[in-house]
Amino acid sequence: MAMKREITVTVNGQQHHSQVEPRMLLVHYLRDVLDLTGTHIGCDTSQCGACTVLLNGDSVKACTVLAVQADGSEVTTIEGLAPEGSLHPIQEGFWEKHGLQCGFCTPGMIMASYQLLKNNPNPTEDEIRKGLEGNICRCTGYENIVRAVQYAAERMQASASQPVGAGE
């Protein structure tokens, strides 16, 4: 019988207490324990980025983090990016600009895009490509992904420049 450790992790704003094996990866914790299957398992070697989530506000590949390392941390997955029933501007951008085909890489791309736009709200095309370089898409050729991030950047800047109460 494997020794288990208790962890407390806040995921998408909800605190979870769990007993986990010390070797369990964060991606497996999210998918198998919390049933948050939007975070995809692609390669288990940190090459593809399909498992990208935010850990304490920074994007990480959840296949490279042990669940016990996330103890006491805040994790945001694709499910927590926007309130249920709505889309975050990045999600909207992927929809509007056709930044996905099969959709497998999309959650990781969106989470990496979130980190990129948090640090650089008005990136150039080259900066977008550089910011997403750790995420692989085998379907799209990246053109529409770049357009989706540009769309999101414009939408996020427009909403940030609106006066409080505008549009309500």
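The structure this text deals with has already been given above.
*Asks:* So, unusual backbone geometry: which residues are in play, and what are the values?
*Replies:* Trans peptide bonds make up most of the peptide bonds, and negative phi angles are found at most residues other than glycine. Its identity as a non-glycine residue notwithstanding, Ser46 has a phi of 70 degrees, on the positive side. Looking at where Ser46 falls in the secondary structure, it is placed in the loop between helix H1 (26–33) and strand E3 (52–55). Here Tyr142, not a glycine, exhibits a phi torsion of approximately 75 degrees, which is positive. Looking at the element boundaries, Tyr142 is found in the loop between helix H4 (125–131) and helix H5 (143–161).

*Asks:* Help me get a handle on H1, residues and values and all.
*Replies:* Those residues of H1 lying buried are Leu26, Val27, Tyr29 and Leu30. Seen along its axis, H1 keeps its buried residues to an arc of 165 degrees; they face one direction. Lining the buried residues of H1 we find strand E1 (5–11), strand E2 (14–20), E3 and strand E5 (74–76). The positive-phi residue at the C-terminal boundary of H1 is Asp35, with phi of around 60 degrees.

*Asks:* Pulling in residues and values, what's your account of the pattern of salt bridges?
*Replies:* Applying the stated criterion across every chain yields a total of 6 salt bridges. Measuring nitrogen to oxygen at the nearest pair gives 3.4 Å for the salt bridge that ties Glu92 to Arg155. Within this pair, whereas Glu92 is found in helix H2 (residues 89–96), its partner Arg155 is found in helix H5, the two being separated by 63 residues in sequence. One salt bridge in this structure joins Lys130 and Glu133, with 3.2 Å as the shortest N-O distance. Each member of the pair, Lys130 as well as Glu133, is classed as exposed. It is possible to trace a salt-bridge network through shared partners that takes in Glu125, Arg129 and Glu143.

*Asks:* Could you give me a rundown of the pairing of E3, with the residues and numbers involved?
*Replies:* What you see with E3 is no split at all: Thr52 and Leu54 on one side and Val53 and Leu55 on the other are buried throughout. Here E3 folds back onto strand E4 (residues 58–61), and the loop between the two strands holds 2 residues, one of which, Asn56, carries a positive phi near 50 degrees. Across 2 bridges, E3 lies against E5 in antiparallel orientation. Its bridge partner being in E5, Leu54 is matched across the sheet by Thr76.

*Asks:* Requested: an account of the side chain of Thr106, with residues and values cited.
*Replies:* Within the fold, Thr106 resides in helix H3 (residues 106–119). The residues touching Thr106, leaving out its near neighbours within four places in the chain, are Phe94 and Leu100.

*Asks:* Before we move on, could you go through the packing of H2 against H3 and cite the residues and values that matter?
*Replies:* One can describe the packing of H2 onto H3 by two numbers: an axis separation of 9 Å at closest approach and a directional angle of 125 degrees. Between H2 and H3, the angle falls in the class oblique. Once H2 is placed against H3, the crossing between them reads as right-handed. Contact residues: H2 offers Ile90, Gln91 and Phe94, while H3 offers Thr106, Met109, Ile110, Ser113, Tyr114 and Leu117. Classifying every residue of the contact of H2 with H3 by side-chain character gives 6 nonpolar, 3 polar and no charged.

Reading guide: rules and limits
- Residues numbered from 1 in each chain as written.
- Predicted model: local features only at pLDDT ≥ 70, side-chain atom pairs only at ≥ 80, totals over all residues.
- Heavy atoms only, no water.
- Helix = DSSP H or I, 4+ residues; strand = E, 2+ residues; numbered from the N terminus.
- Buried < 20%, exposed > 50% of the residue type's maximum accessible area, 1.4 Å probe, protein only.
- Arc of directions from axis to C-beta.
- Contact = heavy atoms within 4.5 Å.
- Salt bridge = Lys/Arg side-chain N within 4 Å of Asp/Glu carboxyl O.
- Pairing = 2+ DSSP bridges.
- Axes fitted to C-alpha atoms, helices over the stretch in contact; angles between N-to-C directions.
- Parallel < 35°, antiparallel > 145°, perpendicular 65-115°, else oblique.
- Left-handed = near helix turned anticlockwise from the far one by under 90°.
- Nonpolar A, V, L, I, M, F, W, Y, C, P; charged D, E, K, R; others polar.

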